[in-house]
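Structural overview for review
Below are the chains, spelled out letter by letter.
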Amino acid sequence: MAHQTFGTRTATAGIDRTAVCALADEHLDWRFKALPPEAWGRTTRAYLASSPHLSDLGTPLLTLDAGALDHNLRTMAAWCHEAGVGLAPHGKTTMAPALWQAQLDAGAVGITLANLPQLHVARAFGVQRLMLANALVDPAGLAWVAGELAADPDFAFVSWADSVRTVTLMDEALQAAGVGRGSDPETDRPIEVVVELGGEGGRTGARSIAEAEDIAKAVHAAPTLRLAGVAGYEGSLAHDTAPESLDTVRAYLRDLADLHRRLAPAYETEHSIVTAGGSAYFDLVAEVLVPAVSESAAEVVVRAGAYVIHDDGYYRGVSPLARTATDTDSGRFRSAMHGWARVVSHPEPQLWLLDAGKRDLPFDEGLPVPQLVRGTGPTPGTEPARGVVTAMNDQHTFLRDAATSAPIGAVIRLGLSHPCTALDKWTLIPVLDDADSADPKVVDLVRTFF
């Protein structure tokens, strides 16, 4: 029986659709802070059938926009096709199997994750092609992965390694778990490994090409491992779009391309991968790496994860499709997330307090920005919001200079920055048909597993 490898280009990236669909039969209750008591006791499916609207939900609240999600999925798929790269989006952004399924349906070659608990979630929902953008040295975790590979010939997995010691620990743990003994070629599957190249001052990764070559030799010598390519993360070396930052990223990617050329003859899988590209610089990854692998069997795989949600803050400014598009360009991503908070106090002439705080909305890559105000009547109207958010506590947002546009009781829509620290605060997220309408309809509920 042929086993799948992560770099197999013709493989269909699968997910257990029955398990994803079954989320609609989950019973709702007080555990899901996005929903009012009227939803408790119903299944997700039954509650959606009652046609709830935004005005039926309480605050604080995080919502997603259906039109923006669809637009972002199609836009990224089209970009990857044109650029000639595969996409294994980083699933840690959403930890939402329904959104992973949408990404796979749009053409993603697999899902990337960051740690062992996230892998457990993915396998619980039958994701067939997983990349761990990290080193896995936990013996119990390695034994579990080996068991998953042995039990499922359609499961493909690749892990990163950035030191010889990492390789040694992986090999020892896998040998202890019985991998590499060769007693049953159908179930005895070595783990695919890509060598991670880092950069000075960056995150993980070998700090020189020579060190990376030593790691590759160690992988090659380990009977439980197979060398499958090279990997890196340029996002830890730059955080803006200044020319010098883009030059730093390009220089790093050229080093990664050089490492690939040096190691390609030693790759042990039929199809290898060269992977880089978070959500900020994936255009530079295509620019530098696609030509570099053109004469090999390797595939360039980018791992952007924030694109499906996008934002009105950090990624709005740094995303390649913001840097290369005009304001009217339909090729831009659109923010699919919004915060909603109610004015609960007006204790000073220029200070308003909202009922959402750090426990509800992201703040690490910029504070929320007021966008519009919904009225308090039965058919709320909207008007542009004024003022600026100056601070956040655990449960409150400080809004200043809002003039008369924020009476106590009014609900303010907030533009947010950084989806990775937005969705993790919510176990169930309403999806609206149109977040710009007067009273949007709730058309879906996205379950997350952080």
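Rules of the game
Residues numbered from 1 in each chain as written. Predicted model: local features only at pLDDT ≥ 70, side-chain atom pairs only at ≥ 80, totals over all residues. Heavy atoms only, no water. Core = buried A, V, L, I, M, F, W, Y, C linked by side-chain atoms within 4.5 Å. Buried < 20%, exposed > 50% of the residue type's maximum accessible area, 1.4 Å probe, protein only. Helix = DSSP H or I, 4+ residues; strand = E, 2+ residues; numbered from the N terminus. Contact = heavy atoms within 4.5 Å. Phe/Tyr/Trp six-rings, centres within 6.5 Å; stacked < 30°, edge-to-face > 60°. Lys NZ or Arg CZ within 6 Å of the ring centre and 35° of its normal.

1. As for the nonpolar core
Grouped together as the largest cluster of nonpolar side chains are 136 residues, with contacts concentrated most on Phe 157, Ile 191 and Leu 289. With eight residues, helix H9 (residues 243-263) is the single largest residue contributor to this core. Beyond its immediate stretch of four places on either side in the chain, Phe 157 contacts Leu 119, Leu 130, Leu 132, Leu 136, Val 145, Leu 149, Ile 191 and Glu 192. Val 109, Ala 133, Ala 231 and Val 301 belong to the second-largest nonpolar core, a separate cluster that totals 12 residues.

2. Examining the packing of aromatic side chains
As enumerated under the stated definition, the model contains five aromatic pairs in all. Centre to centre, the rings of Phe 125 and Phe 449 are 5.4 Å apart; their planes meet at 55°, and the pair counts as tilted. Remark: Phe 449 occurs in the segment after strand E18 (442-447) and Phe 125 occurs in the loop between helix H5 (116-124) and strand E4 (129-135); sequence separation between them is 324 residues. Overall, Phe 125 belongs to the buried group, its relative accessible area being 9%. For Phe 449, a relative accessible area of 23% translates into the label partly exposed. Looking at Arg 129, its charged tip hangs above the ring of Phe 6, at a distance of 5.4 Å from the centre.

3. Some remarks on the environment of Met 95
Inspection of the secondary structure puts Met 95 in the loop between strand E2 (86-87) and helix H4 (97-105). Considered as a pair, Met 95 and Phe 450 are 355 residues apart in the sequence and their alpha carbons are 6.1 Å apart. If we ignore the near neighbours within four places in the chain, the residues touching Met 95 are Trp 100, Leu 113, Gln 118, Val 121, Arg 447, Thr 448, Phe 449 and Phe 450.

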